[in-house]
Amino acid sequence: MKRRIIAALAALGLAAGMALAVAPAAQSVEPAGSPYVALGDSEAAGTGNLPYVDQSCLRSKKAYPSVLAASLGTSVVSAACAGADTDDVLLQVATLAATGDLGPATQLVTLTAGFNNVDWGAGLAACGENGDPLSCQQALLAAQQAVQALPVQIATIIGAIRTAAPNAQIVVTGYPLLFGDVTNFCAVGASQGAPVKFTAEQTMLVNSFIEGVNAAVAGGVAGYQQQTGDPGILFVDVAAGFDGHGLCDTGDRWISGLVSGKTTSDRGLHPNTAGQQAWAALIADALVP
């Protein structure tokens, strides 16, 4: 699969160069789609890894789509944006289709979305040491309802991508778990000058939220494939690839802790540069037949 995509990307680059060479200067040719398009939220935007190429979306030049594009020998058009939920990603698809960046010539689309549909922060606060049982129950119920809706929302996005880019390999990823196995507590840095620690119970709660999101995203991929028989959709479980590299884990951290400062606070609980590189490598490996 990777060889097919690389060959297709190279062919598109050659064809584009030939078209520019022979087309009259005044002639305007509508783009048929960029070879590689990236969609998603802050994880796909590489939020927290300076420098940014788009400050409004906190999109980094070190984001996994840029790393992956370099490994494939192509460029990438990324609409990934910090804070994006599945509705926002549908708008990303529509916008890129309207501009011609997503089209029949697009050979690869990556998608990371769904986590922002679940208000895991509220659940963490309500079920933490300062929460109360009723608030915790309500927060968990809201999170469960949001997760249950994800498969249909992910399938809807995939359908929109497929309509706009009928020839693309669509790669949908899950999310890495934030924490490793914590027996007592996990210190993750500081917020507003105060150290922040997560109890073992809290780390398990956060990880379980992410596992639920991953299962729902994978379910959306499987449901779409079952309904359509489309063989060009692939789910990549990045959580397995990040095993051993979470916060308070045994290996090198691929997730940033909380960092104070105007230009660095965005890093908190996002993959660092090594994590973005690992994310790209996991997708590249999954593309190999």
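The structure presented is a predicted model; accordingly, all values stated were derived computationally and were not measured.

Q: Could you give an account of the confidence of the model for the protein, naming the residues involved and the relevant values?
A: Overall, the prediction assigns the protein a mean pLDDT of 86, with 84% of residues at 70 or greater. Confidence drops under a pLDDT of 50 for residues 10-28, and excluding neighbours within four residues, the segment shows three contacts in the predicted structure.

Q: I'd like a description of the state of the cysteines, backed by residues and values.
A: One pass over the structure, following the stated rule, counts two disulfides. One disulfide in the model links C57 with C81; its S-S distance is 2.0 Å. Disulfide C57-C81: the torsion about the S-S bond is -90 degrees, which places it as left-handed. Here C81 lies in the loop between β4 (77-78) and α4 (86-99) and C57 lies in the loop between β2 (52-54) and β3 (59-60), a separation of 24 residues in the sequence. Residue C57 shares its accessibility class with C81, and that shared class is buried. Here C186 engages in a disulfide with C248; their sulfurs sit 2.0 Å apart. Taking the torsion about the S-S bond as the criterion, the C186 to C248 disulfide, at about 95 degrees, is right-handed. Of this pair, C186 sits in strand β7 (residues 185-191) while C248 is found in the loop between α8 (238-241) and α9 (273-287), placing the two residues 62 residues apart along the sequence. Taking the relative accessible area as the measure of exposure, C248 reaches 29% and is therefore partly exposed.

Q: Provide a residue-level description of the sheet that holds β4, including the pertinent values.
A: By definition, the strands of a sheet pair up through backbone hydrogen bonds, in either a parallel or an antiparallel sense. Read across the sheet, five strands follow the order β4-β1-β5-β6-β9 without closing on themselves; strand pairing throughout is parallel. The open sheet has two edge strands with one neighbour each: β4 and β9 (233-236). Alignment of strand β5 (residues 108-112) against strand β6 (residues 169-173), held across four bridges, turns out to be parallel. Paired with T110 across the strands is V171, a residue of β6. Those strands touched by α4 are β1 (36-40), β4 and β5, and its axis lies near 150 degrees from that of β1. Running at roughly 135 degrees to β6, α9 makes contact with β5, β6 and β9 of the sheet.

Q: For the side chain of S42, give the residues involved together with the corresponding values.
A: Here S42 lies in helix α2 (residues 42-45). Using a relative accessible area of 10% as the deciding quantity, one classes S42 as buried. A polar contact is formed between the side chain of S42 and the side chain of H270, at a distance of 2.9 Å.

Q: Pulling in residues and values, what's your account of the packing of helix α3 (residues 64-72) against α9?
A: Contact pair α3 / α9: the axes reach a minimum separation of 8 Å and the direction vectors enclose 50 degrees. Here α9 runs oblique to α3, going by the angle between their axes. Considering how the two elements wind past one another, α3 and α9 form a crossing that is right-handed. Contact residues: Y64, V67 and L68 in α3; Q276, Q277, W279, A280, I283 and A284 in α9. Of the residues in the contact of α3 with α9, the class split is seven nonpolar, two polar and no charged.

Q: Go over α9, please, and point to the residues and values.
A: With 15 residues, α9 ought to run about 21 Å at 1.5 Å a step, and its terminal C-alpha atoms sit 22 Å apart, in line with that. Regarding α9, the residues found buried are G275, Q276, A278, W279, A280, I283, A284 and L287.

Q: Please set out the packing of aromatic side chains residue by residue, giving values where relevant.
A: Applying the stated rule across the entire model yields five aromatic pairs. Ring plane angle 80 degrees and centroid distance 5.9 Å describe the contact between F242 and W279, whose orientation is recorded as edge-to-face. Highlighted residues: F242 in the loop between α8 and α9 and W279 in helix α9, separated in sequence by 37 residues. In terms of burial, F242 and W279 fall into one category: buried. Through a chain of ring-to-ring contacts, the aromatic side chains of Y64, F242, W254 and W279 assemble into a single cluster. For K197, the ring lying beneath its charged end belongs to F185, and the centroid distance is 4.4 Å.

The rules behind each value
- Residues numbered from 1 in each chain as written.
- Predicted model: local features only at pLDDT ≥ 70, side-chain atom pairs only at ≥ 80, totals over all residues.
- Heavy atoms only, no water.
- pLDDT = per-residue confidence, 0-100.
- Contact = heavy atoms within 4.5 Å.
- Disulfide = S-S within 2.5 Å.
- Helix = DSSP H or I, 4+ residues; strand = E, 2+ residues; numbered from the N terminus.
- Buried < 20%, exposed > 50% of the residue type's maximum accessible area, 1.4 Å probe, protein only.
- Pairing = 2+ DSSP bridges.
- Axes fitted to C-alpha atoms, helices over the stretch in contact; angles between N-to-C directions.
- Polar contact = N/O pair within 3.5 Å; in protein donor to acceptor, adjacent residues only side chain to side chain.
- Parallel < 35°, antiparallel > 145°, perpendicular 65-115°, else oblique.
- Left-handed = near helix turned anticlockwise from the far one by under 90°.
- Nonpolar A, V, L, I, M, F, W, Y, C, P; charged D, E, K, R; others polar.
- Expected span 1.5 Å × (residues − 1).
- Phe/Tyr/Trp six-rings, centres within 6.5 Å; stacked < 30°, edge-to-face > 60°.
- Lys NZ or Arg CZ within 6 Å of the ring centre and 35° of its normal.

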